[in-house]
Amino acid sequence: MLTKPHTLKDSSHRYAWFALVACVAYADTERAFSAELPAPALETSAPLIDSFPGPANFIPADQPIGAILLSKQHPLLLRADFSRVSDFVSQIYQNANFQPIWFTANRSEKNLHDLIGMLNNAPSDALNQVNYDVDRLKTFIDGQSLDNNTAASYDVALTVSLVRYLHDLRQGQVEPRDVQYPVHIAPKPPLDLAGLLKQHLASQTLPELVGLFEPKAKQYRQLKQILTRLRELGNQTGPDDFNPGKRLRPGDKHPQIAYLRQRLRAMGLIEDKANADAKTYDGDLVAAVKKVQQQQGLKADGVIGPATAALFNPSSDEKIAQLELAMERARWIPDPIDGPMIVVNIPAFELWAFNSVDDTNPLNMKVIVGKAPDKQTPVLWEEMKYLEFMPYWNIPTTIFKKEILPKAANNEGYLASQNIELVKHQNSEEQGGGSYLRARQRPGKKNPLGRVKFVFPNTADVYLHDTPGHAAFNRQRRDLSHGCVRVSQPEQLAQFVLGDQQGWDKETIKQAMSAPKTRHVTLKRAVPVLFYYATTFVDHGNQLRFYPDIYGQDEQLKKALNKLHVSTVVSSAADNQLVASKSTPMTANP
């Protein structure tokens, strides 16, 4: 528990205080501080589909299908190792008594062709159909008179490919923790893959699985629609670059205006297709260009100079690549739920607070996020539990040592001038007992948390909060914090969070934010909070926006996805084995 803080009364006390501070800072106090302020840590890896099924009671090694399942290797697939999805595949065949589910005595040609159609359509969800062996699966389903071993091998190959596809569709192709992303997101609710597949095979409604496993977030649907439109536009002819050769002002005419219109349509900034060949720069084009200029930190005057023209030069392929990254990230986050929600897009330096999924007028404000590269704000999904008005700042040990103590060493009155105090904290018996001193800053104008802190307990120990330094919100690039997110409109956010809580309105919130004492307010209804990293993002106005990759995470994700694709190319040596399988019966244990 906290005890009454020591106070400074005379010079001797000040020197004693300073000596005590120095001892706390330089002694081995990491254990004591970490007990109160846990260091950020990555959570355990998320499961593949949602949660692993229980292990199969028995997998018969003397049956062709059982032997393949036990080996967790399939030489007919580009990626022979299917250990990541082996538990799900085993559960599917356990439900079928380890007999084929595709190549049965009365096999369903519709199911087989529906499967191929689903995998062929993977690019519509920014997935590469090559990863699911579509071409070779087509050769498998063309076979009619198959011996038992070959039928078993082909059957498992189809199932592995389908499970891989459904996993990638729902959870993402890349496990973010494998590429050292600072991600703190719990798995999505479980789906019974084995049961659903059995049901839809029986009813011959296999394509319906796509809708069940596809992310439900509006953001994902919007990105998918724009991806489709961009690919359609990509087939159209046009100049390689938008280079008018002179400044274009509203009302000017130029032959490349038609190309500009095409670009703006592809970005989702204009909708109508009328006057596609018009060469006058006016109306909707000027308004759209101003929006782009504003988003990119340029003067929003609608005049197209070299800097503005450069914004429209990326090729369709480059835009598609960015959308594919955004869709991969959208697969990592949970499906939306009813009720209020807060979303922070880190590279956009913006926060949106929605009352519902379909809220067309959300609260929107600027934010300050963690500084690149070593103080990154993590990606997370948590529930806001409470607020603290006029909060104390419990100073993390690292900040105290690196930033505060050097100043105190040169100025014995620094700590007192900053309202920083040492507080004795008693450990519980479960923590081993004993006590330690921690540093904290009292509420007030100098407190970096400002007048209110919004808390959603998480392993990264980050939160939303006010700040006394509001001038920083005028900067275009706002990665300035130690990892927490500072909000520009704390009163409005507090009103949003406490909107349906009795006893709280605009006036009572304002009073709490200027009171002399700290006030803890527990929320009657927790509010989900998403810290998200999206350099390509569809905003609440249904406009596609592009932001700088401030943490270099786009490059990390590109490398991880490329590595996945390269592995399928390298594994193409399996083609030789496929040819051999057409003339040589498959063994029971491939």
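Above this text sits the structure in question.
Residues numbered from 1 in each chain as written. Predicted model: local features only at pLDDT ≥ 70, side-chain atom pairs only at ≥ 80, totals over all residues. Heavy atoms only, no water.

Here we take up the overall build of the protein chain. In terms of helices and strands, the protein chain carries 20 helices and 15 strands. The buried share of the protein chain, taken over its 590 residues, is 51%. For the protein chain, restricting intrachain contacts to residue pairs at least 6 apart in sequence, the fraction spanning at least 24 positions comes to 71%. For the protein chain, the accessible area works out to roughly 27500 Å², and carbon and sulfur atoms hold 51% of it. (Helix = DSSP H or I, 4+ residues; strand = E, 2+ residues; numbered from the N terminus. Buried < 20%, exposed > 50% of the residue type's maximum accessible area, 1.4 Å probe, protein only. Contact = heavy atoms within 4.5 Å. Areas by Shrake-Rupley, 256 points an atom, 1.4 Å probe, with all protein chains shown as cover.)

Turning our eyes to something else, we now look at empty space enclosed by the protein. All chains considered together, the criterion is met by four cavities of 30 Å³ or more. In this model, the largest cavity occupies a volume close to 470 Å³. At the level of elements, helix H10 (218-234), strand E2 (341-345), strand E3 (350-354), strand E13 (519-532) and strand E14 (536-538) are the ones that each hand at least two residues to the lining of the largest cavity. Top element by residues in the lining of the largest cavity is H10. It accounts for three residues. Among the residues forming the lining of the largest cavity, the class breakdown is 15 nonpolar, six polar and four charged. (1 Å grid on protein atoms, 1.4 Å probe; cavity = no way out; pocket = protein on both sides within 12 Å on 5 of 7 lines; lining within 4 Å. Points joined across faces, edges and corners; volume = space filled by probe spheres on them. Nonpolar A, V, L, I, M, F, W, Y, C, P; charged D, E, K, R; others polar.)

Once that is clear, we can look at the environment of Thr 467. Within the secondary structure, Thr 467 is located in the loop between strand E10 (464-465) and strand E11 (479-481). Beyond its immediate stretch of four places on either side in the chain, Thr 467 contacts Pro 448, Leu 449, Gly 450, Phe 473 and Arg 486. For Thr 467, the side chain forms a polar contact with the main-chain nitrogen of Gly 469, separated by 3.1 Å. (Polar contact = N/O pair within 3.5 Å; in protein donor to acceptor, adjacent residues only side chain to side chain.)

What follows is about the pairing of strand E4 (residues 363-370). Here E4 lies mainly inside the structure; six of its eight residues are buried. Across two bridges, E4 lies against strand E12 (residues 485-487) in antiparallel orientation. When the bridges of E12 are listed, Ile 368 appears paired with Arg 486. Note that E4 and E11 share two bridges and pair parallel. Opposite Val 369, over in E11, you have Asp 479 as the bridge partner. (Pairing = 2+ DSSP bridges.)

Looking now at the sheet that holds strand E8 (residues 435-441). With antiparallel pairing, the three strands of this open sheet are ordered in space as E6-E8-E7. Two strands close off the open sheet at either side, each with one partner strand: strand E6 (393-394) and strand E7 (420-426).

Turning next to the nonpolar core. Formed by 142 residues in total, the largest nonpolar core has its most connected members in Trp 102, Tyr 165, Ile 342, Met 384, Phe 389 and Leu 464. In terms of residue count, helix H7 (residues 148-171) provides more of this core than any other element does, twelve residues in total. The contacts of Leu 464, once residues within four sequence positions are left out, are Ile 342, Val 344, Leu 351, Met 384, Lys 453, Phe 454, Phe 456, Val 485, Val 487, Leu 493 and Phe 531. Residues Ile 270, Val 286, Val 292 and Ile 304 belong to the second largest nonpolar core, which totals 17 residues. (Core = buried A, V, L, I, M, F, W, Y, C linked by side-chain atoms within 4.5 Å.)

Attention now moves to the packing of helix H5 (residues 109-120) against helix H6 (residues 134-142). At their nearest, the axes of H5 and H6 sit 10 Å apart, and the two run at 170 degrees to each other. Relative to H6, the element H5 is oriented roughly antiparallel. The segment H5 lies against H6, with Leu 112, His 113, Ile 116, Leu 119 and Asn 120 engaging Val 134, Leu 137, Lys 138 and Ile 141. Residues that form the contact of H5 with H6 fall into these classes: six nonpolar, two polar and one charged. (Axes fitted to C-alpha atoms, helices over the stretch in contact; angles between N-to-C directions. Parallel < 35°, antiparallel > 145°, perpendicular 65-115°, else oblique.)

Tracing the backbone shows Phe 546 in strand E15 (residues 544-546). Note on Phe 546: relative accessible area 10%, which makes it buried. A C-alpha to C-alpha distance of 9.4 Å links Phe 546 and Lys 319, two positions 227 residues apart in sequence.

Across all of its chains, the model carries 22 salt bridges by this definition. Linking Arg 331 and Glu 328 is a salt bridge whose minimum nitrogen-to-oxygen distance equals 3.0 Å. For the pair Arg 331 and Glu 328, one class covers both residues: buried. The residue Glu 388 makes a salt bridge to Lys 453 at a minimum N-O spacing of 3.7 Å. Placement of the pair is Glu 388 in strand E5 (residues 379-389) and Lys 453 in strand E9 (residues 452-455), with a sequence separation of 65 residues. (Salt bridge = Lys/Arg side-chain N within 4 Å of Asp/Glu carboxyl O.)

Purely geometric stuff here, so don't read any function into it on its own.
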